[in-house]
Amino acid sequence: MVLTSVLEILDFRGLLLFIVAFLLVADYVKNRNPPNYPRGPFSLPLLGNVFNVDSKEPHIYLTKLGHAYNDIFSLRLGRDKVVFITGYKLVKEALVTQAENFLDRPYSPLQCRVYSGNAGLFFSNGEMWKKQRRFALSTLRNFGLGKKTMELTICEESRFLLDEIDKQKGGAFDPTILFNNAVSNIICQMVFGQRFDYADHQFRTMLKYISKSIQLEGSIWAQLYEAFPTIMKHLPGPHNDMFSNYKLLQAFVKEVVVKHKAELDPSEPRDYIDSFLIEIMKKPHETTDGFDEENIIPCVLDLFLAGTETTSTALCWGLIYLITYPEVQEKVQEEIDRVIGRSKEPSIADKANMPYTEAVIHEILRFGDIVPMNGLRMADKDTTLGESFIPKGTAILPILHSVLFDENEWETPYEFNPGHFLDKEGKFVRRDAFMPFSAGKRVCLGEQLARMELFLFFVTLFRKFRFSAAEGEKLNLDGVIGVTRTPHPFKIHATAR
Ligand code: HEM
């Protein structure tokens, strides 16, 4: 009896040992690297390097690894290997010189749970991405992007924002949600055909879901989900909030789409949603183009999300830096008073005569490091980058932080210094390593809109108010890392000038 049990245990142990040995060998064979594949730190079998990455400051950890590995290295994050690229020269080589080789985004279990398969603008690939990107850009142009009408819309929204700030009567307040609402209203007018009042409770709730989801998407929880989707699907944790937030955001967008459908007049499209619905009606489309009712929600959601969080985060950093460096705030205000004055409406045309303000906005985008890690890309074919071989299908991540703080490109990378964008005569100068919107064919689709919004909101705010920190508050220049790098909650005073 005892002997049978011992034999059973031995059998069980033997079987277990065999399974473990088999898994280790299979893992080794599957993850063997081809010659000249980028090297990287030692990775654990099955787990890889997922727990090596500093989850609080991953962009800094990855940039430092870049220094150690000659700007190109690989990490294994669960099942998948990712090649990281750092420093201006190699990032430019990947995104611009070899743009065609790294155009697609890799498979993401997280994205696949939110929208199924090839969908939307950010995650779509191939023909669908090309058609949808072109359609989005031309439709946004039809509704004002890059034109005087857009300028007027932003100026009008700025007046609403000033009124809200006036209501604080000089008391301490956190401007984050107001900036979020103001910035979001610009993309909302082009996409949904309407702006939302700052007191609209439902819309404010949506903005909170957006902020929370973008933060979670860049967190360790999202990385764990990407690395081990089958296990994480069944585990409790904050990653589940991300999925429930997305469901609520999708339901919000769906309600707007249904209303648009009921009111649609094909001869007079009011916005992006109407234009998309009209495009669907123009059958026959190739199914691969993505002009169908399933794809309208991911496309709208991508514009709504990307068009809200990034630009308002940049504005928040702008306030924080100009409060921290009051001499910069004074110089900006002096230039605004001199070039625009107090009576006329600011306009994009003023930019050409405001090199200091333009340099400050560029430095906010550089030092603010709004999207520190960029979006993942994929090698569309076997490719050689630098000296390294990257096989077809490998995920790559060109780290934007490493470009915006590249010691070979910037005179004082770790200081807030508008002089980075000024020549000796005080004229504005462009810098090649200025890549907050990424670069190449898949560069941020909203760059032009974001730049217009930033200039007009920024100038309107600083013309009307002098900003200072709330009593006893020292503004924190460290950020919270998600997909975007956002400021910690902060409070300020706005005093009318
Ligand atoms: C300061 C503001 C902004 C920053 C720093 C920013 C940054 C970025 C970055 C780094 C990417 C990834 C590009 C890549 O993979 O190489 C991106 C993509 C994208 N952005 Fe922005 N963005 C901003 C504002 C906006 C706005 C206002 C919109 C709204 C129209 C927008 C829409 C998008 C879309 C749709 C993509 C995906 C493009 C594609 O995959 O083809 N962004 N953005």
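Residues numbered from 1 in each chain as written. Predicted model: local features only at pLDDT ≥ 70, side-chain atom pairs only at ≥ 80, totals over all residues. Heavy atoms only, no water.

Per an unreviewed UniProt entry, the protein goes by the name Cytochrome P450 2J2-like and belongs to Carassius auratus. UniProt annotates the protein under Subcellular location (unreviewed entry) with the comment "Membrane". Under Cofactor (unreviewed entry), UniProt gives the following word-for-word description of the protein: "heme". (UniProt positions renumbered as here; feature names shortened; annotations may be inferred.)

Trainee: With reference to specific residues and values, describe the overall build of the protein.
Mentor: Assigned secondary structure in the protein consists of 17 helices and 10 strands. Over its C-alpha atoms the protein spans a radius of gyration of 25 Å, differing by no more than 12% from the 23 Å that the globule rule assigns to 497 residues. Counting only C-alpha atoms and orienting by the principal axes, one finds that the protein spans roughly 95 × 55 × 45 Å. Considering only intrachain contacts with a sequence separation of at least 6, the fraction spanning at least 24 residues in the protein is 73%. On the protein, roughly 23,300 Å² of surface is accessible, and the fraction owed to carbon and sulfur atoms is 57%. Considering the protein, the positive charge centre built from 58 side chains and the negative charge centre built from 63 side chains are found 1 Å apart. (Helix = DSSP H or I, 4+ residues; strand = E, 2+ residues; numbered from the N terminus. Rg over C-alpha atoms; globule rule 2.2 N^0.38 Å. Contact = heavy atoms within 4.5 Å. Areas by Shrake-Rupley, 256 points an atom, 1.4 Å probe, with all protein chains shown as cover. Lys, Arg positive; Asp, Glu negative; His and termini not counted. Charge placed at Lys NZ, Arg CZ, Asp CG, Glu CD.)

Trainee: Describe the pattern of salt bridges, with residues and values.
Mentor: Under the defined criterion, the tally for this structure stands at 21 salt bridges. Between Glu127 and Lys131 there is a salt bridge, and its shortest N-O distance comes to 3.1 Å. Here Glu127 and its partner Lys131 are both found in helix α5 (residues 126-142), 4 residues apart, which amounts to about one turn of the helix. The residue Arg338 makes a salt bridge to Glu334 at a minimum N-O spacing of 3.0 Å. One end of the pair, Arg338, and the other, Glu334, are both in helix α14 (residues 326-339), 4 residues apart, so they sit about a helical turn from each other. Taking relative accessible area as the criterion, Glu334 reaches 42% and is therefore assigned partly exposed. Shared partners join several salt bridges into a network, and the residues in it are Lys259, Glu263, Arg270 and Asp274. (Salt bridge = Lys/Arg side-chain N within 4 Å of Asp/Glu carboxyl O. Buried < 20%, exposed > 50% of the residue type's maximum accessible area, 1.4 Å probe, protein only.)

Trainee: Quick rundown of the site of the ligand? Include the residues and the values.
Mentor: Residues in close proximity to the ligand total 24 residues, the closest being Trp129, Arg377, Ser438, Arg442 and Cys444. Arg105 places a polar side-chain atom, nitrogen or oxygen, 2.8 Å from an oxygen atom of the ligand. Measuring from an oxygen atom of the ligand, one finds a side-chain N or O atom of Trp129 at 2.8 Å. At 5 residues, the largest contribution of residues to the shell around the ligand is made by helix α13 (residues 293-324). Classifying every residue of the shell around the ligand gives 14 nonpolar, 6 polar and 4 charged. (Near = heavy atom within 4 Å. Polar contact = N/O pair within 3.5 Å; in protein donor to acceptor, adjacent residues only side chain to side chain. Nonpolar A, V, L, I, M, F, W, Y, C, P; charged D, E, K, R; others polar.)

Trainee: Break down helix α3 (residues 88-97) for me, with residues and values.
Mentor: Those residues of α3 that fall on the buried side of the exposure criterion are Tyr88, Leu90, Val91, Ala94 and Leu95. Residues of α3 that are buried sit in contact with β1 (72-77), β2 (80-85), β3 (377-378), β4 (383-385), β6 (395-398) and α16 (400-404).

Trainee: Quick rundown of a nonpolar patch on the surface? Include the residues and the values.
Mentor: Taken together, the side chains of Phe12, Leu15, Leu16, Phe18, Ile19, Val20, Phe22, Leu23, Leu24 and Leu46 define a hydrophobic patch exposed on the protein surface, amounting to about 970 Å² of accessible area. Take Val20: it is sitting in helix α1 (residues 2-30). (Patch = residues over 30% accessible without salt bridge, like charges linked within 9 Å, V, L, I, M, F, W, Y side chains within 5 Å.)

Trainee: Break down helix α6 (residues 148-166) for me, citing the residues and quoting the values.
Mentor: Taking 1.5 Å per residue, 19 residues should reach 27 Å; α6 reaches 27 Å between its end C-alpha atoms and fits that length. Of all the positions in α6, only Met150, Glu151, Thr153, Ile154, Cys155, Glu157, Ser158, Leu161, Leu162, Glu164 and Ile165 are classed as buried. Among the structural elements, α7 (176-191), α17 (447-464), β7 (465-469) and β10 (492-496) are those in contact with the buried residues of α6. (Expected span 1.5 Å × (residues − 1).)

Trainee: Quick one: what's the story with unusual backbone geometry, residue by residue and with numbers?
Mentor: Phi at Lys169 is positive, roughly 50°, even though this residue is not glycine. Within the fold, Lys169 resides in the loop between α6 and α7. Judged by its relative accessible area of 76%, Lys169 falls in the exposed class.

Trainee: How would you explain the UniProt feature "transmembrane region" (unreviewed entry) in the protein if you had to name every residue and give the values?
Mentor: Within this numbering scheme, the UniProt entry marks residues 12-29 as carrying the feature "transmembrane region" (unreviewed entry). Split by type, residues 12-29 is 100% helix and 0% strand. Its first and last C-alpha atoms lie 26 Å apart.

Trainee: Can you explain the coordination of the iron atom of the ligand? Please cite residues and give values.
Mentor: A lone protein donor contacts the iron atom of the ligand, and this donor is Cys444 (SG), found at 2.3 Å. With respect to the helices and strands, the residue Cys444 is situated in the loop between α16 and α17. (Donors = N, O, S within 2.8 Å, 3.2 Å for Na, K, Ca; no water.)

Trainee: Tell me what's going on with the UniProt feature "binding site: heme" (unreviewed entry) in the protein, and back it up with residues and numbers.
Mentor: Look at the UniProt record and you will see "binding site: heme" (unreviewed entry) annotated at Cys444. Residue Cys444 is classed as partly exposed on the basis of its relative accessible area of 32%. Beyond its immediate sequence surroundings of up to four residues, Cys444 is in contact with Arg133 and Phe437.

Trainee: Provide a residue-level description of the environment of Leu95, including the pertinent values.
Mentor: Relative to the helices and strands, Leu95 resides in helix α3. Separated by 344 residues in sequence, Leu95 and Ala439 place their C-alpha atoms 6.0 Å apart. Those residues in contact with Leu95 that sit more than four places away from it in its chain are Asn374, Arg377, Pro398, Ser438, Ala439, Gly440 and Lys441.

Trainee: Could you give an account of the sheet that holds β2, with specific residues and numbers?
Mentor: Read across the sheet, 4 strands follow the order β1-β2-β6-β3 without closing on themselves; strand pairing throughout is mixed. With partners counted over all chains shown, the strands left at the sheet margins are β1 and β3, one partner each. Relative to β2, β1 is paired through 6 bridges, and the arrangement is antiparallel. What sits directly across from Leu77, in β2, is Asp80. Contacts from helix α2 (residues 58-68) reach β1 and β2 within the one sheet, and its direction differs from that of β1 by about 130°. (Pairing = 2+ DSSP bridges. Axes fitted to C-alpha atoms, helices over the stretch in contact; angles between N-to-C directions.)

Trainee: Give a description of the packing of aromatic side chains that names residues and reports values.
Mentor: With the rule as written, the count across this model stands at 30 aromatic pairs. Note on Phe367 and Phe405: the rings are 6.0 Å apart at their centroids and 35° apart in plane angle, and the pair reads as tilted. With Phe367 in helix α15 (residues 355-368) and Phe405 in the loop between α16 and α17, the pair connects residues that are 38 residues apart, well separated along the chain. Judged by its relative accessible area of 12%, Phe367 is buried. Since its relative accessible area comes to 10%, Phe405 is described here as buried. Seen in terms of ring centroids, Trp410 and Phe421 are 5.6 Å apart; in terms of plane orientation they differ by 55°. Their pairing is tilted. Here Trp410, found in the loop between α16 and α17, pairs with Phe421, found in the loop between α16 and α17; they are 11 residues apart in sequence, far enough to count as distant. (Phe/Tyr/Trp six-rings, centres within 6.5 Å; stacked < 30°, edge-to-face > 60°.)

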